[in-house]
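Chain by chain, the residues run as shown.
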Amino acid sequence: MAERSSTAFFWALFSAGGVAAAFLLPVHVFLFGLAFPLGWIEPPGYESLLGLLQSPVTRLYLLVLCVLSLFHWAHRFRYMLYDGAQIKHLNEVIVVGTYGGAVVGSVVAAYLLFLAV
Amino acid sequence: MAETIVLQVTRYRPEQEAEPTIQEYEVPFTDDWVLLDALNYVKDNIDGSLSFRWSCRMGICGSCGMMVNGEPKLTCAAFVSEYAPGPVRIEPLRYFPIIRDLTTDMTDFMEKLKSVKPWIIRQEEKPISEGEYLQSPEELDRYKQFSMCINCMLCYAACPVYGLDPTFTGPAVIALAQRYNLDSRDQGSRERLELLSDHEGIWGCTFVGECTKVCPKNVDPAGAIQQYKVTATTDWFKSFIMPRGVE
Amino acid sequence: MKGSPAYREFHPKWYRTRVSTYWWLSQWSYRKFMLRELSSVFVAYVIVITLMQAHALGQGRAEYAAFQELMTRPFVVLLNVVTFLFLLLHTITWFNLTPRAIVLRLGGRRVPDLFIIAPNYVAWLVISGVVAWFVLRG
């Protein structure tokens, strides 16, 4: 099998993350970042939200959303650094920093969502 | 009395200067003139030393691409009247080495084009006795848009990724590779995939989309590249599930 | 893939213009592109905030109340407004570019872009509604 660039795999994650972020993140930010803090909509109570969060479906949903979105950021940010900042000679550092950061974020997410709540 | 317009043209004479300079020419024009006419007027009447490429004058040969007011254009397709009262800046095509005045070196593009094997690849040639290849209008429609490329390289002048990293294969070449991949007569997708899917081949593209905007033939190279990324990715995943050699 | 290197690469007299680090400021279409790419940073920020929120929820009422209070601070609200705008930019540009990457053919002809873009927007509204319902139903 010929040596195949792994970029295809990261591009797939980037695309999946882009789709997830496009469909789901706006309503998340709208509710928790704007509507509730600014009093446009009455926020749900603590009990209700905690119950929602503790459901296995919610945990999985949030985990998938976090992982995909983080890898979306990582891939896009990597190329932003290549093209925008022209630091492609720091390639190895960038790859580790971006995808590594996404991995760390994913692990944190998994821990928070499945073990700490 | 003819209207005139000032052209601010890049001059670069390597035998006498280390860097490009700008020279101004005042040129008469009428409604039907294109910038190529203006440049030819300069060469015929004002300054015979000005060097630039052109051929068909009708937007099919792809020779006369230059930067016009910072935008990649075919000078045979840019009417002078649209730039009046001017002045108009005419520079050589961006992101290519400048040989002289408005002529750039195309070798990089030519090498990359050859590398993706832009011809029908068959596992076995069909002998003439078996007749011609038949292709339905639907099959033609799949690749026709990408076959309209005239190799003018305006898309390369628009692509910042190519500008930053000359190892990037570039819009037109990938679009042409896709033109053959999608051609029902071709059996060379796998060969091209292995050439293109290495790191610089297609993955450098961040879908800026400028290439499609400047293309005079509506080839949509950006679309071709994204479609190719999908193909390459699907193939990558398949290569883990299915053994090599399954077509 | 290389031609004769002596002819092409090291020809001393050819002039190679260096691309500026600020190439992306030089024309509007490039600036739009950079803004679109920048939206990915805000995507990451939303994930961070979401995880902070989940953590606060898990730590108890007091912690969560503190988180909610943090969300009302003017600086955070401003950041969230900016974030929301960037997320909209991401969503809109993503949907509008989808038909260029995914080509659907029906009856031998290419499905027009609008028929691919519009369902995305509809789905987005429906999905947002479903998420909001889950959050708000109490």
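Residues numbered from 1 in each chain as written. Chains lettered and ligands numbered in written order. Predicted model: local features only at pLDDT ≥ 70, side-chain atom pairs only at ≥ 80, totals over all residues. Heavy atoms only, no water.

**Considering the domain arrangement of chain B**
All names here are of chain B.
Thinking step 1. Each assigned domain of chain B is listed with its residue range as follows: domain 1 (4-104) and domain 2 (107-241).
Thinking step 2. Averaged C-alpha coordinates put domain 1 and domain 2 at centres separated by 30 Å.
Thinking step 3. Domain 1 puts 14 residues into the contact, and the matching count from domain 2 is 16 residues.
Thinking step 4. Roughly 1,100 Å² of surface becomes buried between domain 1 and domain 2 when both sides are summed, with 72% attributable to carbon and sulfur atoms.
Thinking step 5. Of all residues in domain 1, the largest losses of buried area upon contact with domain 2 belong to P72, Y95 and F96, amounting jointly to 50% of the total for that side.
Thinking step 6. Where domain 1 packs against domain 2, one counts 0 salt bridges.
Thinking step 7. Linking domain 1 with domain 2 are 2 residue pairs in polar contact (both at pLDDT 80 or more).
Thinking step 8. Elements represented by at least two residues in the side of domain 1 that touches domain 2 include exactly β3 (65-68) and β4 (71-74). (Domains from an automatic or database assignment. Contact = heavy atoms within 4.5 Å. Buried area = accessible area lost by both parts, 1.4 Å probe. Salt bridge = Lys/Arg side-chain N within 4 Å of Asp/Glu carboxyl O. Polar contact = N/O pair within 3.5 Å; in protein donor to acceptor, adjacent residues only side chain to side chain. Helix = DSSP H or I, 4+ residues; strand = E, 2+ residues; numbered from the N terminus.)

**Considering the interface of chain A and chain C**
Frequently, the measure chosen for interface size is the accessible area that the parts lose on association.
Thinking step 1. Contacts between the two partners involve 53 residues from chain A and, on the opposite side, 51 residues from chain C.
Thinking step 2. Both faces considered, chain A and chain C share a buried interface measuring about 4,400 Å² in area, 75% of it formed by carbon and sulfur atoms.
Thinking step 3. Seen at the junction of chain A and chain C, the total is 2 salt bridges.
Thinking step 4. With its nearest N and O atoms 3.1 Å apart, the salt bridge here joins C:E37 to A:R76.
Thinking step 5. For the interface between chain A and chain C, the tally reads 9 residue pairs in polar contact (both at pLDDT 80 or more).
Thinking step 6. For the side of chain A that touches chain C, the secondary structure elements donating two or more residues are α1 (7-35), α2 (46-54), α3 (56-83) and α4 (91-114) of chain A.
Thinking step 7. For the side of chain A that touches chain C, the leading source of residues is α1(A), giving 18 residues.
Thinking step 8. Its residues assigned to classes, the side of chain A that touches chain C comprises 39 nonpolar, 10 polar and 4 charged. (Nonpolar A, V, L, I, M, F, W, Y, C, P; charged D, E, K, R; others polar.)

**Observations concerning the nonpolar core**
Thinking step 1. With 141 residues, the main nonpolar core has B:L7, B:L35, B:L39, B:I90 and B:Y156 as its most contacted residues.
Thinking step 2. Examining the composition of this core, we find that 17 residues originate from one element, α1(A), more than from any other.
Thinking step 3. Split by domain, the residues of this core number at least three in each of domain 1 (4-104) and domain 2 (107-241) of chain B.
Thinking step 4. Leaving out residues up to four positions away in the same chain, B:L35 has contacts with B:L7, B:V68, B:T75, B:A78, B:V80, B:Y83, B:V88 and B:I90. (Core = buried A, V, L, I, M, F, W, Y, C linked by side-chain atoms within 4.5 Å. Buried < 20%, exposed > 50% of the residue type's maximum accessible area, 1.4 Å probe, protein only.)

**Describing helix α2 (residues 28-59) of chain C**
Thinking step 1. Taking 1.5 Å per residue, 32 residues should reach 46 Å; α2(C) reaches 47 Å between its end C-alpha atoms and fits that length.
Thinking step 2. Downstream of α2(C) by a residue or two, C:G60 has a phi angle that is positive, lying close to 125 degrees. (Expected span 1.5 Å × (residues − 1).)

**Describing the confidence of the model for chain B**
In low-pLDDT regions, the fine details of the predicted coordinates are not to be read closely.
Thinking step 1. With 97% of its residues at a pLDDT of at least 70, chain B reaches an overall mean of 92.
Thinking step 2. At the level of chain-chain contacts, confidence expressed as ipTM amounts to 0.93, with global pTM at 0.91. (pLDDT = per-residue confidence, 0-100.)

**Side note on the packing of aromatic side chains**
Here the distance between the centres and the angle between the planes together describe a pair of aromatic rings.
All names here are of chain B.
Thinking step 1. With the rule as written, the count across this model stands at 29 aromatic pairs over all chains.
Thinking step 2. Ring centres of F96 and Y162 lie 5.4 Å apart, and the angle between their planes is 50 degrees; on these two criteria the pair is classed as tilted. Separated by 66 residues along the polypeptide, F96 in the loop between β5 (88-91) and β6 (98-100) and Y162 in helix α5 (residues 160-164) bring together distant segments of the chain.
Thinking step 3. Taking relative accessible area as the criterion, F96 reaches 4% and is therefore assigned buried.
Thinking step 4. Given the relative accessible area of 3%, Y162 is considered buried. (Phe/Tyr/Trp six-rings, centres within 6.5 Å; stacked < 30°, edge-to-face > 60°.)

**Let's talk about the interface of chain B and chain C**
Thinking step 1. On the chain C side, the residues contacting the 39 residues of chain B number 27 residues.
Thinking step 2. Together, the buried faces of chain B and chain C total about 2,700 Å²; carbon and sulfur atoms form 57% of this surface.
Thinking step 3. On the chain B side of the contact with chain C, B:E111, B:F207 and B:Q227 bury the most area, a combined 17% of that side's loss.
Thinking step 4. Along the contact surface separating chain B from chain C lie 2 salt bridges.
Thinking step 5. Close ionic contact of C:R100 with B:D220 constitutes a salt bridge, the shortest N to O distance being 3.0 Å.
Thinking step 6. Counting across the interface, chain B meets chain C through 13 residue pairs in polar contact (both at pLDDT 80 or more).
Thinking step 7. Contributions of two or more residues to the side of chain B that touches chain C are made by β6, α2 (107-115), α3 (137-143), α5, α8 (210-214) and α9 (221-241) of chain B.
Thinking step 8. Here the side of chain B that touches chain C is built from residues that sort into 17 nonpolar, 10 polar and 12 charged.

**A short note on the state of the cysteines**
Residue and element names in this part refer to chain B.
Thinking step 1. Throughout the structure, instances matching the rule amount to 0 disulfides over all chains.
Thinking step 2. Looking at the unpaired C205, the closest cysteine sulfur is the one in C211, lying at 6.6 Å.
Thinking step 3. Between C211, a cysteine without a disulfide, and C155, which holds the nearest cysteine sulfur, the sulfur-to-sulfur distance is 6.3 Å. (Disulfide = S-S within 2.5 Å.)

**Overview of helix α3 (residues 61-72) of chain C**
Thinking step 1. Under the 1.5 Å per step criterion, the end-to-end length of α3(C) is 17 Å for 12 residues, consistent within 8% with the ideal 16 Å.
Thinking step 2. Every buried residue belonging to α3(C) is among C:Y64, C:F67 and C:M71, and all of these are buried. Buried residues of α3(C), seen end-on, are gathered within an arc of 55 degrees and therefore sit on one face of the element.
Thinking step 3. Contacts from the buried residues of α3(C) go to α1 and α2 of chain A together with α2 and α4 (74-101) of chain C. (Arc of directions from axis to C-beta.)

**Remarks on the pairing of β4(B)**
Two faces, one strand: in a regular strand the side chains alternate between the faces of the sheet.
Residue and element names in this part refer to chain B.
Thinking step 1. Across the two faces of β4 the burial differs, with P72 and L74 buried and E71 and K73 not buried at all.
Thinking step 2. Pairing between β3 and β4: 4 bridges, direction antiparallel. In the strand pairing of β4, M67 is matched with P72.
Thinking step 3. In this structure, the hairpin formed by β3 and β4 is closed by a connection of 2 residues, where N69 is found at a positive phi of approximately 50 degrees. (Pairing = 2+ DSSP bridges.)

**Examining a negative patch on the surface**
All names here are of chain B.
Thinking step 1. Together, E3, D31, D32 and D37 make up a region of like negative charge exposed at the surface.
Thinking step 2. Looking at the secondary structure, you find D32 in the loop between β2 (21-29) and α1 (35-46).
Thinking step 3. Accessibility expressed as a relative area gives 55% for D32, which makes it exposed. (Patch = residues over 30% accessible without salt bridge, like charges linked within 9 Å, V, L, I, M, F, W, Y side chains within 5 Å. Areas by Shrake-Rupley, 256 points an atom, 1.4 Å probe, with all protein chains shown as cover. Lys, Arg positive; Asp, Glu negative; His and termini not counted. Charge placed at Lys NZ, Arg CZ, Asp CG, Glu CD.)

**Notes on the pattern of salt bridges**
Thinking step 1. Applying the stated criterion to the full structure yields 19 salt bridges over all chains.
Thinking step 2. One salt bridge in this structure joins B:R179 and B:D183, with 2.9 Å as the shortest N-O distance. Across the pair, exposure class does not vary: B:R179 and B:D183 are buried alike.
Thinking step 3. For the salt bridge of C:R36 with C:E37, the shortest nitrogen-to-oxygen distance reads 3.0 Å. We note that C:R36, like C:E37, is buried.
Thinking step 4. The network of salt bridges with shared partners includes A:R76, C:R36 and C:E37.

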